[in-house]
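Structural description and commentary
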Amino acid sequence: MQSIKNTTPFPFLLLLLALFFVFSNGSPTSGGKYELVESLGAKRLLADEPYVVNSSLVLAQERTTRKDPLDGFKKYRGGWNISEKHYWASVAFTAVPFFAMAAAWFVFFGLCLAVICLCYCCCAREPYGYSSLAYALSLILLILFTILAIVGCVVLYTGQGKFYHSTTKTLDYVVSQANTTAQNLRNLSDVLASAKKIGVAQVFLPVQVQTDIDEIQTKLNSSSYTLSDTTEDNKDDIQRVLNSVRLALIILSAVMLFLTFLGFVFSIFGMQCMVYTLVILGWILVTGTFILAGVFLVLHNVTADSCVSMNQWVENPTAHTALDDILPCVDNATAQETSQRTKEVTSQLINVINQVITNVTNINFAPNFTPLFFNQSGPKMPLLCNPFKPDFTDRTCDPTEVSLSNATQVYGQFVCQVSPSGICTTTGRLTPDFYSQMSAGIKVCYGLYLYGPFLVDLQDCTFVRQTFTDISRDHCPGLRRYSNWIYVGLLMVSLAVLLSLVFWVIYGRERRHRVYTKTLIARTHGDKGIEE
């Protein structure tokens, strides 16, 4: 069994426009068997960690079980996977009826036009025979199909507008999620950089901890900038495609509407030369519209497949799936390392602050112990609570300790007023300089502590799961509904204009016969009057 290939950074594409997979850097794989139970899951890493082995989940398997023309029309059972050519072949096969209709219409109507032209040029004869029923019926059907074509154009125009709005809204949401994640990674990197510079009473973090901070900073910055840069690049690509598709659909609906109106007017007024010119133009446009309807049917199916896949992934977020290439979470190793380093830096900073409190501020030194003496006096300062045990598991604060959330306010009560030489002149155990250094350290500790849930979300894919849940609940219904509107509108326009073309010719023929018959009758009556 072939393993699923990893792709280059591609954090958000195809939550909304699966059809536009060409902007992905992934390449289709050629697989033979589709029964995926377990495979080497090459989960894409934001921080260049080694590949990990995960169990695989076949997404939307029931929905995506379709005939695969590349595999002898056997059932495709590989699930939703935009990097798998067999998936695209099977989903494209659902549009074969539209493509077949386009080909049949192009060939059959083209032959009919050729026969009509040959008969008109080589076997020209005066029209004869006239049926008022045929004339009235052709006129009624012409009006009916003209109205149907107008309705189809309205549905198409409305559908493309709503589809554009829905896809843009979904794209903005996914980009926002990716940018938020990247910004949080950068903020965490900045906080770690600040922690490395923190010193209280000339006491700093150990050298090894500072080295660890440098290493994790490099990974965090690489992850955040890769994510944000790729997000912006792919957003621009998708937006250009969206704008092009919207413009094409607007032009198509306007042209078909204008064509239908002109054809109806020219038919009513018997302008046969113009009618046949529009028939030839409409023949080509209807063929293209059938093809476009098939393409949007594929888009509709892929969108629905994607929404079902997201629902299933939300229920199994740790399994390796094709969705890993869309908005992957940081791999477990990187998230664990970052979380470990963050807890380590937090604990070390708190130890530095508590050492200063225990060995400097809470001791009443004699005046000759410079620079430790600054006339400390008054109640002793409580220690700062370390929220982590030595093994970095969560720890409950003792009642005598001060929590990180209000430590700066509590320690502010121990600040004394100082003389120009830096000696306390009032009761207190902290000089303003010591308090400033200690506050800076506490703020960094608290900031790192607050990023704990964010790192946990990265570690267990919670933020990805929440993103997919929101898209599935808030955006998928609109995407599926309006993509359906577009291909239904295209189908309505195609059939209505197709039938209108036919009845332009039929009505023109009946009108010509009617005019000839009336002229012949009038001429006959006139001859009889002369004879009398």
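The following refers to the structure shown. Note that the coordinates shown come from a computational prediction; the quantities given were computed from them, not determined experimentally.

1. Some thoughts on the overall build of the chain
Along its length, the chain carries ten helices and four strands. Sequence-ordered secondary structure for the chain, helices as α and strands as β, is β-β-α-α-α-β-β-α-α-α-α-α-α-α. Relative to its 532 residues, the chain shows a buried fraction of 47%. The contacts in the chain between residues at least 6 apart in sequence include a share of 78% that link residues at least 24 apart. Of the roughly 25300 Å² that the chain leaves accessible, carbon and sulfur atoms contribute 62%.

2. Details of the nonpolar core
One finds Met256, Val279, Val286, Leu490, Val497, Leu501 and Trp504 to be the most contacted residues of the largest nonpolar core, which totals 42 residues. Residue assignment for this core shows that the elements contributing at least two residues are α2 (96–122), α3 (132–197), α4 (207–268), α5 (272–315) and α10 (462–531). Here this core takes 14 residues from α10, the largest share from any one element. Discounting residues that sit within four places of it in the chain, Val279 has contacts with Phe109, Leu113, Leu501, Trp504 and Val505.

3. Topic: the environment of Leu188
Within the secondary structure, Leu188 is located in helix α3. Separated by 33 residues in sequence, Leu188 and Asn221 have C-alpha atoms that sit 9.4 Å apart. Leaving out residues up to four positions away in the same chain, Leu188 has contacts with Leu220, Thr338, Thr342, Leu448, Tyr451 and Leu455.

4. Some words on the side chain of Thr287
Relative to the elements of secondary structure, Thr287 occurs in helix α5. Here Thr287 falls in the buried class, since its relative accessible area comes to 10%. Each residue touching Thr287, except ones within four places of it in the same chain, is listed here: Ala102, Trp105 and Phe106.

5. Quick notes on the packing of aromatic side chains
Two descriptors summarise a pair of aromatic rings, namely the distance from one centre to the other and the angle between the planes of the rings. On inspection of all chains with the given rule, the structure shows eleven aromatic pairs. Seen in terms of ring centroids, Phe163 and Phe296 are 6.5 Å apart; in terms of plane orientation they differ by 75°. Their pairing is edge-to-face. One end of the pair, Phe163, is in helix α3; the other, Phe296, is in helix α5, with 133 residues separating them in the sequence. An identical accessibility class is assigned to Phe163 and Phe296; each is buried. Taking 5.9 Å as the distance between ring centres and 40° as the angle between the ring planes, the aromatic pair formed by Phe365 and Phe369 counts as tilted.

6. A closer look at unusual backbone geometry
Non-glycine residue Phe73 carries a positive phi angle of around 60°. Tracing the backbone through its elements, the reader meets Phe73 in the loop between β1 (66–68) and β2 (74–76). You will see that Asn375, though not glycine, has its phi angle at about 65°, which is positive. Relative to the elements of secondary structure, Asn375 occurs in the loop between α6 (332–361) and α7 (407–412). The class of Asn375 is partly exposed, set by a relative accessible area of 32%.

7. Some words on the packing of helix α1 (residues 85–92) against α5
The contact between α1 and α5 brings their axes to 9 Å, and the two run at 125°. With respect to α5, the axis of α1 lies oblique. Note on packing geometry: the crossing formed by α1 with α5 is right-handed. Here Tyr87, Trp88, Val91 and Ala92 of α1 lie close against α5, whose contacting residues are Val298, Asn301, Val302 and Asp305. Its residues assigned to classes, the contact of α1 with α5 shows six nonpolar, one polar and one charged.

8. Some details on the state of the cysteines
The tally for this structure, following the rule as stated, stands at three disulfides. Residue pairing for Cys307: its cysteine sulfur links by disulfide to Cys476, the two sulfurs lying 1.9 Å apart. Handedness here is read from the sign of the S-S torsion; for Cys307 and Cys476, about -100°, the answer is left-handed. Placement of Cys307 in helix α5 and of Cys476 in helix α10 is noted, with a sequence separation of 169 residues between them. Taken as a pair, Cys307 and Cys476 share a single burial class, namely buried. Two residues share a disulfide in this structure: Cys385 and Cys397, whose sulfurs sit 1.8 Å from each other. As the torsion about the S-S bond is roughly -85°, the Cys385-Cys397 disulfide counts as left-handed. Residue Cys385 is found in the loop between α6 and α7, and its partner Cys397 is found in the loop between α6 and α7; the two are separated by twelve residues along the sequence.

9. Some thoughts on the environment of Cys424
Here Cys424 shows up in the loop between α7 and α8 (432–450). For Cys424, a relative accessible area of 3% corresponds to the buried category. Sequence-wise, Cys424 and Phe374 are 50 residues apart; in three dimensions their C-alpha atoms are separated by 5.8 Å. Setting aside anything within four residues of it in sequence, one finds Cys424 in contact with Phe374, Asn375, Cys416, Gln417, Val418 and Thr431.

10. Regarding a nonpolar patch on the surface
Residues Phe106, Val107, Leu111, Ile280 and Ile284 make up a contiguous nonpolar surface patch of about 460 Å² in total accessible area. Within the residue set of the nonpolar patch, elements represented by two or more residues are α2 and α5. As for its placement among the helices and strands, Val107 is situated in helix α2. Accessibility expressed as a relative area gives 48% for Val107, which makes it partly exposed.

11. Description of α8
With 19 residues, α8 ought to run about 27 Å at 1.5 Å a step, and its terminal C-alpha atoms sit 26 Å apart, in line with that. All of the buried residues along α8 are Phe434, Met438, Ser439, Gly441, Ile442, Val444, Cys445, Gly447 and Leu448.

Cut-offs used in this document
Numbering of residues starts from 1 in every chain and runs along the sequence as written. The predicted nature of this model means local features are confined to residues of pLDDT at least 70 and side-chain atom pairs, given and counted, to a pLDDT of 80 or more, with totals for whole chains, interfaces and linings taken over all residues. To obtain the side-chain values, all non-hydrogen atoms of the structure were included, while hydrogens and water were left out. Helix and strand definitions follow DSSP, with helices as H or I runs of at least four residues and strands as E runs of at least two, each counted in order from the N terminus. Residue burial is assigned from relative accessible area. The probe radius is 1.4 Å, only protein chains are included, and a residue is buried under 20% of its type maximum, exposed over 50%, and partly exposed in between. Note on contacts: a residue pair qualifies if any of its non-hydrogen atoms lie within 4.5 Å across the two residues. For accessible areas, the Shrake-Rupley method is used with a probe of radius 1.4 Å. Any residue's cover is judged against the shown protein chains and nothing else. We define the nonpolar core as a collection of buried residues of types Ala, Val, Leu, Ile, Met, Phe, Trp, Tyr and Cys that are connected through side-chain atoms lying within 4.5 Å of one another. By convention, a stacked pair of Phe, Tyr or Trp rings (six-membered ring in the case of Trp) has centres within 6.5 Å and planes under 30 degrees apart, an edge-to-face pair has planes over 60 apart, and any other such pair is tilted. Inter-axis angles, ranging from 0 to 180 degrees, are taken between N-to-C directions of lines fitted to C-alpha atoms, where helices are fitted over the stretch in contact. For classification purposes, angles smaller than 35 degrees are called roughly parallel, those larger than 145 roughly antiparallel, those between 65 and 115 roughly perpendicular, and all remaining angles oblique. The handedness criterion is simple: a crossing whose near helix is rotated anticlockwise from the far helix by less than a right angle is left-handed, and one whose near helix is rotated clockwise is right-handed. Basically, the charged four are Asp, Glu, Lys and Arg, the nonpolar ten are Ala, Val, Leu, Ile, Met, Phe, Trp, Tyr, Cys and Pro, and anything else, Gly included, counts as polar. Disulfide: a pair of cysteine sulfur atoms within 2.5 Å of each other. Any residue with relative accessible area above 30% and no salt bridge may belong to a patch, with like charges joined within 9 Å and the nonpolar Val, Leu, Ile, Met, Phe, Trp and Tyr side chains within 5 Å. The salt bridge criterion pairs a side-chain nitrogen of Lys or Arg with a carboxyl oxygen of Asp or Glu, the two atoms within 4 Å. Here a helix's expected span is defined as the number of its residues, less one, multiplied by 1.5 Å.

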